[in-house]
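# Close look at the chain arrangement
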Amino acid sequence: MSKLVFPDQFVWGTATASYQIEGGVREGGRGPSIWDAVCYTPGRVLNMDNGDVACDHFHRFKDDISLMKELGLKAYRFSLAWPRIIPAGFGDVNEQGVAFYSELIDCLLDAGITPWVTLYHWDLPLVLQTEFDGLINPDFPDWFAAYADVCFDRFGDRVKNWITLNEPWCSSVLGYGIGVHAPCRKMDTAEAYMAAHQLLRGHGKAVQLYRSKYQSQAGSIGITNNCDWREPLTDAITDQAAAQRSLEFFLGWFCDPIYKGDYPQVMRDMVGDRLPKFTDADKAMIKGSSDFFGLNHYTTMLASEPTEQVVERNIAGNGGISEDQNVTLTEDPSWQKTDMDWNVVPWGSAKLLKWIDERYDHPPIYVTENGCAYDVPVIDGVCDDPQRLDFFKSYLTAMHGAIADGVDLRGYFAWSFMDNFEWSWGYTKRFGLVHTDYSTQQRIVKNSMKWYSQVVQSNAIAE
Ligand code: PNW
């Protein structure tokens, strides 16, 4: 049996996010977030599920970390809930919230697990939304940097890997363009572009602060963006251009400012005045503001030149603000799908990694999320999920190929450590490598996790 061995020092882990697993939303001095409000608004989340209890990780984090240790996991990416640390968004620090995360971080380090900490994974303190318009307020970067300052100050002695924002594309497009994520705005596409703009400025400001004030902590800091792959439907030059345009609207939107200093030209041309402009000071602050390239990747679509102007804005295919990019997205009927209806196309991940490598001049890349939803029953205490195992095996094999092809991929975090609250889908989509029984809070290690644990421990995939 041959083996695909990963580079030495390759970082292996799993990922979660605060609102999706913690629960304890009214405990420990936590303030409400925009997701608490959305969950209590009829029609927004399937079954009106909410994060009040979730995986009860707030109370069970020690057991969860013991399980990670038992499984030999080496790194763990999780997020801090801003409303636990600064419940009113800015101003007073909630010491109980700081103590909670401090204990969690110590517990990870005691277990020999490296923490990778995301500062913002969508749970904005509610008051920033209701009183100040949230992400579209030009003061957002100041609030975010002040919050980041507290986190660096309190946790930076122990945390050396920081991610400022998780998927600003989702916050902007799903939160403001399509309205399926908090704060569920969808009136005006200019708001989506403004949210993205202030998120990028906030990221830049937090990084500037970290690099100037906390240099002695000697950590690294970056941002995580999400992107699907876009494969041209045909070889036609117009379809190739459509695929490229779609990638620039998806990933270039957030990464061109960071690696090149401004939004992609195609976006400036097609979005016009609704796309905000960076000042020279913003450009200088944002350019070069990521020590590594954080990538969340889930699926692939086929892209082609539309026969008529796209008018419908649709979440199907994660098309973003589709009418602005004017690309037709389709799928190959032979592709398998996960419970999210997302296509399983492992080679798309290798092509995307190569595209990033070329466009952004060979950055060190960490895949900070990749995974799939499949609902598999537990029978006699066993959760046998071969589809998930195949998903991880095929994607990791493709990514290994990208490394062989020269891409500087340095780490991989499977989404997710355990089944959890899947945003507007509530608890109906199970992404976990560990099964969560929501009635008993029992964790059951799925067979895919047993396999992944072997991969992590051997730094290789057995073919
Ligand atoms: C990511 N899309 O969300 C998030 O970072 C996780 O919190 C989430 O649980 C996971 O992926 C699975 O969904 C995404 O429409 C949500 O392109 C939607 C999209 C992408 C990522």
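Preceding block: the structure.
Figured I'd write up the structure that's included with this text. No experiment lies behind these values; they were computed from the predicted model shown.

Our next topic: the side chain of Ser349. For Ser349, the position within the fold is in helix α14 (residues 346–359). Among the polar contacts made by the side chain of Ser349, one reaches the main-chain carbonyl oxygen of Pro346 at a distance of 2.6 Å.

Let us now look at the sheet that holds strand β10 (residues 328–330). Within the open sheet, the three strands sit side by side as β7-β9-β10. Their pairing is mixed. The outermost strands of the open sheet, each flanked by one partner alone, are β7 (229–232) and β10. Strand-to-strand twist across the sheet, computed as the mean angle between neighbouring axes with direction ignored, equals 40°. Pairing of strand β9 (residues 300–304) with β10 involves three bridges; the strand directions are antiparallel. From the neighbouring strand, Ala303 faces β10, where its bridge partner is Leu329. Here helix α10 (residues 237–259) sits on the sheet and contacts β7, β9 and β10; the angle it forms with β7, its principal contact strand, is near 170°.

What follows is about the packing of helix α3 (residues 57–70) against helix α5 (residues 95–110). Across the interface, α3 lies against α5 with an axial gap of 10 Å and an inter-helix angle of 10°. Looking at the two axes, α3 sits roughly parallel to α5. Counting all contacts with α3, which are made through His57, Phe58, Phe61, Lys62, Ile65 and Met68, the residues of α5 involved are Phe100, Glu103, Leu104, Cys107 and Leu108. Considered class by class, the residues forming the contact of α3 with α5 number eight nonpolar, one polar and two charged.

The strand order around the closed barrel built from eight strands is β2-β3-β4-β5-β6-β8-β13-β14, with neighbouring strands paired in parallel fashion. Sheet twist, expressed as the mean angle between neighbouring strand axes with direction ignored, is 25°. Both strand β3 (residues 75–79) and strand β4 (residues 114–120) contribute to a ladder of five bridges, which runs parallel. Residue pairing for β4: Ser79 is matched across the bridge by Thr118.

For the structure on display, the rule yields six cavities of 30 Å³ or more. The volume enclosed by the largest cavity comes to roughly 70 Å³. Surrounding the largest cavity, Ile34, Trp35, Tyr120, Trp122, Leu124, Gln129, Leu135, Cys170, Ser171, His181, Ala182 and Pro183 form its lining. Contributing elements (two or more residues each) for the lining of the largest cavity: α2 (34–39) and α8 (168–177).

Secondary-structure assignment places Pro141 in helix α7 (residues 140–155). Judged by relative accessible area, which is 2%, Pro141 ranks as buried. For the pair Pro141 and Leu200, spaced 59 residues apart in the sequence, the C-alpha separation amounts to 8.3 Å. Pro141 has contacts with Gln198, Arg201, Gly202 and Lys205, leaving out every residue within four places of it along the chain.

What follows concerns the packing of α8 against α10. Put simply, α8 and α10 touch, their axes get as near as 10 Å, and they point 125° apart. Accordingly, the angle class assigned to the pair α8 and α10 is oblique. Where α8 crosses over α10, the handedness of that crossing is right-handed. Between α8 and α10, the contacting residues are Pro168, Trp169, Ser172 and Val173 on the first element and Phe249, Phe250, Trp253 and Phe254 on the second. In terms of residue class, the contact of α8 with α10 is built from seven nonpolar, one polar and no charged.

Attention now moves to the pattern of salt bridges. Tallied over the entire structure, the rule returns 31 salt bridges. Here Lys62 ties to Glu103 by a salt bridge, and the two come within 2.9 Å at their closest N and O atoms. Here Lys62 is found in helix α3, whereas its partner Glu103 is found in helix α5, with 41 residues between them in sequence. Look at Lys62 and you get partly exposed, because its relative accessible area is 44%. For Glu103, a relative accessible area of 38% puts it in the partly exposed group.

So, about the pairing of strand β13 (residues 365–369). With five of five residues buried, β13 is to be regarded as a mostly interior element. Both strand β8 (residues 293–296) and β13 contribute to a ladder of four bridges, which runs parallel. The residue bridging Leu295 from the neighbouring strand is Val367, located in β13. Bridging between β13 and strand β14 (residues 409–415) involves three bridges; their strand directions are parallel. From the neighbouring strand, Val367 faces β14, where its bridge partner is Tyr412.

About the thresholds
- Residues numbered from 1 in each chain as written.
- Predicted model: local features only at pLDDT ≥ 70, side-chain atom pairs only at ≥ 80, totals over all residues.
- Heavy atoms only, no water.
- Helix = DSSP H or I, 4+ residues; strand = E, 2+ residues; numbered from the N terminus.
- Polar contact = N/O pair within 3.5 Å; in protein donor to acceptor, adjacent residues only side chain to side chain.
- Pairing = 2+ DSSP bridges.
- Axes fitted to C-alpha atoms, helices over the stretch in contact; angles between N-to-C directions.
- Contact = heavy atoms within 4.5 Å.
- Parallel < 35°, antiparallel > 145°, perpendicular 65-115°, else oblique.
- Nonpolar A, V, L, I, M, F, W, Y, C, P; charged D, E, K, R; others polar.
- 1 Å grid on protein atoms, 1.4 Å probe; cavity = no way out; pocket = protein on both sides within 12 Å on 5 of 7 lines; lining within 4 Å.
- Points joined across faces, edges and corners; volume = space filled by probe spheres on them.
- Buried < 20%, exposed > 50% of the residue type's maximum accessible area, 1.4 Å probe, protein only.
- Left-handed = near helix turned anticlockwise from the far one by under 90°.
- Salt bridge = Lys/Arg side-chain N within 4 Å of Asp/Glu carboxyl O.

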